[in-house]
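Coordinate analysis (summary)
If you want the building blocks of each chain, they are given just below.
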Amino acid sequence: MTRMRASGWSQATDTDAEDASRGQPALPPTLGDRLIRWAKPASLTAAGTSLVVHLVLWALAALIVIGGGQAGGAGGGSGDGIVGVAVVTEAELGQMQNAGLDAEAPAVAEAPTVALPGGETDIQINDAIGGGGSDAGALGGGLGSLTSGMGAGDISGGPGLGAGGAGGGAASFFGVEARGTRFAYIIDVSGSMDLGVGAMSLKRIDILKSELGKSLAALLENAHFFVALFSGDSKPLGGRMEWVASNESGKTWARRTVPLITAEGETKPLPAFSIVFGLRPRPDAIYFMTDGEFDKDYANQIARINADYKIPIHCITFVSAEGQEVMRKIAADSGGTYTHIPGPGG
């Protein structure tokens, strides 16, 4: 084509224009151009991703709804498919557990303890067995079946010289009551206990075995007993250096063992006290019975041993009251009682 320049006429062809354009550098693409080129593939990718996500969510929702409906139907509920979740903190769980324990194991108030007052009594054999008249008649009624059952192990029949049995206390020996569940018997089996009583052929040791047998037989099932025999030396009944439960087994053992007691030797009770104070657990009460007398210093020695324990010692003199001064002191020092059981007609 022919163009006229300001300075004059000249001709310019299309070839010249193409040559001029090839000589100039190309312009870089703008931001808009880039967005247009990227938009098409990004839109396709987003659409695909959205479709997949929606399909997964739809499938999960269907499982939850259908599963919840089946669970509700199986449980016999309304079938609305709603599942409730209870959230409990550790503190709340602990309170619930404590409340459960309290409900299952209610507190039991401790039974009040009743103090047994100390005192001194003088029990007459004839009065205790309800008898008057001759010595033979009184002892015969008091010992019951002892004379016919001697050696056979049956020493529990008939009323005793004292009240017999446990009476109103937890234990009773020669009619002297004691409180607790563990009872120790310190029994004199010295040679003087082999002497006869009154006009009868019975001996002191026979009466002792009868009273001891009834006392052990009358103990409650939850009680325990221990018998220490003393003369020139001391030893536990039947060689059992332990508490014996007063259940059927323990009482059967006592019925077989008590009739085997024999009397011989001197009167030395201190070793027996050492045995009893060495028991674990400690006794709740001690019965101390003798028919003789011994050194007055024994009372002080026993008081020193018992100073830390304060176990009541119920002292009984039998037939002979020669040792009553010492026995009274032992009872008074320990908070126990003193009782004298005179012989028939005494």
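What you see is a predicted model, and the numbers here were worked out from it, not measured in a lab.

Section: the confidence of the model for the chain
Parts of the prediction with low pLDDT should not have their coordinates interpreted in detail. Summary statistics for the chain give a mean pLDDT of 72 and a share of 53% for residues scoring 70 or more. Note that residues 1-21 has pLDDT below 50 and, in this model, 11 contacts with residues that lie over four places away or in other chains. A low-confidence stretch, residues 68-85 stays under pLDDT 50, and its non-local contacts, those more than four residues away or across chains, total four contacts.

A look at the pairing of strand E7 (residues 224-230)
Buried residues dominate E7, accounting for six of its seven residues. Relative to E7, strand E6 (residues 182-188) runs parallel, the two being bridged by seven bridges. Looking at the pairing, Asp-188 lines up with Phe-230 of E7. Alignment of E7 against strand E9 (residues 244-245), held across two bridges, turns out to be antiparallel. Within E9, the position partnered with Phe-225 by the bridge is Val-244. Looking at chain direction, E7 and strand E8 (residues 234-236) are connected through three bridges and run antiparallel. Of the residues in E8, the one forming a bridge with Ala-228 is Pro-236. Counted between consecutive antiparallel strands, the loop separating E7 from E8 contains three residues.

Things to note about the pairing of strand E11 (residues 313-319)
Among the seven residues that make up E11, six are buried, leaving the element largely enclosed by the rest of the structure. Here strand E10 (residues 285-290) pairs with E11 via five bridges, running parallel. Bridged to Thr-290 within E11 is Thr-317. After leaving E10, the chain enters helix H10 (residues 297-305) and then returns to the sheet as E11, a path that is right-handed. By the bridge criterion, five bridges tie E11 to strand E12 (residues 338-342) in an arrangement that is parallel. By the bridge assignment, Phe-318 is partnered in E12 with Ile-341. After leaving E11, the chain enters helix H11 (residues 324-334) and then returns to the sheet as E12, a path that is right-handed.

Conventions used here
- Residues numbered from 1 in each chain as written.
- Predicted model: local features only at pLDDT ≥ 70, side-chain atom pairs only at ≥ 80, totals over all residues.
- Heavy atoms only, no water.
- pLDDT = per-residue confidence, 0-100.
- Contact = heavy atoms within 4.5 Å.
- Buried < 20%, exposed > 50% of the residue type's maximum accessible area, 1.4 Å probe, protein only.
- Helix = DSSP H or I, 4+ residues; strand = E, 2+ residues; numbered from the N terminus.
- Pairing = 2+ DSSP bridges.
- Right-handed = clockwise from strand over helix to strand, strands pointing away.

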